[in-house]
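# Remarks on the overall topology
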Amino acid sequence: MRGREEKLRMTSAQALFAKELREKLLREKSDMGRNEIKMALKKGWNELNVQKKIAYEEKSHAMNMELLRSLE
């Protein structure tokens, strides 16, 4: 069981948002550097409206609950 525990990774709402935006940025602006991407991700999250943040929170919660159920 220890091997499974080491792979357990909870996902935050901000991490989900960052993953989606990073993929989009890399498709549309492949010449962006690592620091530019980090700044764009931070700015994007900070400018995201409350309703969209809540949607990411709900998606994150659902994913994390599914992950925890898989360990039972």
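Procedures and definitions
Residues numbered from 1 in each chain as written. Predicted model: local features only at pLDDT ≥ 70, side-chain atom pairs only at ≥ 80, totals over all residues. Heavy atoms only, no water. Salt bridge = Lys/Arg side-chain N within 4 Å of Asp/Glu carboxyl O. Helix = DSSP H or I, 4+ residues; strand = E, 2+ residues; numbered from the N terminus. Buried < 20%, exposed > 50% of the residue type's maximum accessible area, 1.4 Å probe, protein only. Expected span 1.5 Å × (residues − 1). Arc of directions from axis to C-beta. Contact = heavy atoms within 4.5 Å. pLDDT = per-residue confidence, 0-100. Phe/Tyr/Trp six-rings, centres within 6.5 Å; stacked < 30°, edge-to-face > 60°.

### Observations regarding the pattern of salt bridges
By the definition in use, this model includes two salt bridges. Note that K19 and E23 form a salt bridge whose closest N and O atoms lie 3.3 Å from each other. On the criterion of helical spacing, the pair formed by K19 and E23 is a turn pair, its members being four residues apart in helix α2 (residues 13–28). The shortest N-O distance in the salt bridge between E20 and K59 comes to 3.1 Å. Taken together, the positions of E20 in helix α2 and K59 in helix α4 (residues 50–70) put the pair 39 residues apart, joining distant regions of the chain. By relative accessible area, which is 40% here, K59 ends up partly exposed.

### Let's talk about helix α3 (residues 34–47)
An ideal rise of 1.5 Å per residue puts 20 Å on 14 residues; α3 measures up with 20 Å between its terminal C-alpha atoms. Taken together, the buried positions of α3 are occupied by I37, L41, G44 and W45. The arc that holds every buried residue of α3, seen down its axis, measures 95°, which confines them to one face. Away from its buried face by more than 90 degrees, α3 exposes N35, M39, K42, K43, N46 and E47. Buried residues in α3 make contact with α2 and α4.

### Description of the confidence of the model for the chain
Per-residue pLDDT for the chain has a mean of 89; in total, 90% of the residues score no lower than 70. Confidence, read as mean pLDDT per element, is least for helix α1 (residues 2–7) in the chain (52) and greatest for α3 (96).

### Topic: the packing of aromatic side chains
All chains considered together, the criterion is met by three aromatic pairs. When the centroid spacing of 6.4 Å and the interplanar angle of 65° are considered together, the rings of W45 and Y56 count as edge-to-face. Here Y56 lies in helix α4 and W45 lies in helix α3, a separation of eleven residues in the sequence. Per residue, the accessibility class of W45 equals that of Y56, and both read buried. A network of ring pairs unites the aromatic residues F17, W45 and Y56 as a single cluster.

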